[in-house]
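Fold and contact review
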Amino acid sequence: MGSKQIIFKEGASLNRHPLFEAEHFSFWQKRMEIFIQSIDPDAWNAIVKGTFTPTKEVNGELVPKKWEEMKDDEKRKGQDDKKAKNILTSGLSSDEFFHTTRWKSVKEI
C-alpha cells in the first residue's frame, strides 16, 4: 500500500478554472494550460511567448504604438496577455494573487 491517494477539492469543469494548490503545482499547471488553451489559444500563446506590443518606426527606431494608433487586430492581439492574466489569477487565493501583482506580464507570472 505504498501509493498515496491525492484528494482534490473540486472536479474538472469546462467553465470553472482549476483552483491553485501549491502542494500539487504540476497537476494544477497542466490543468490550467489545458483550460486556457480551450478558452483561447492566443491567450495561451501570450503566456508562452510573452505580450504582443505593436510598434511603429519613429526616426529609425521602433517604439510602441499608442492605443489610438493600433489597428483593431493589434488591439485584440494586445488583449491576449490581459485575458490570460485574468484567467490565471482567477484561480488564486487573495494572498497568492497579491504575490503576482509585482509582475507586469502573464509570462512573468
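A brief look at the structure comes next.

**Some thoughts on unusual backbone geometry**
Of note in this structure, Asn 59 is not a glycine but carries a positive phi near 55°. On the basis of relative accessibility, which here comes to 79%, the residue Asn 59 falls in the exposed class.

**Here we look at the packing of helix α2 (residues 41–49) against helix α3 (residues 72–90)**
At a minimum axis distance of 8 Å, the contact between α2 and α3 shows a crossing angle of 90°. Taken together, the axes of α2 and α3 are roughly perpendicular relative to one another. Contacts between α2 and α3 involve Asp 42, Ala 43, Ala 46 and Ile 47 from the former and Asp 80, Asp 81, Lys 83 and Ala 84 from the latter. Residue composition of the contact of α2 with α3, by class: four nonpolar, no polar and four charged.

Conventions we followed
Residues numbered from 1 in each chain as written. Predicted model: local features only at pLDDT ≥ 70, side-chain atom pairs only at ≥ 80, totals over all residues. Heavy atoms only, no water. Buried < 20%, exposed > 50% of the residue type's maximum accessible area, 1.4 Å probe, protein only. Axes fitted to C-alpha atoms, helices over the stretch in contact; angles between N-to-C directions. Helix = DSSP H or I, 4+ residues; strand = E, 2+ residues; numbered from the N terminus. Parallel < 35°, antiparallel > 145°, perpendicular 65-115°, else oblique. Contact = heavy atoms within 4.5 Å. Nonpolar A, V, L, I, M, F, W, Y, C, P; charged D, E, K, R; others polar.

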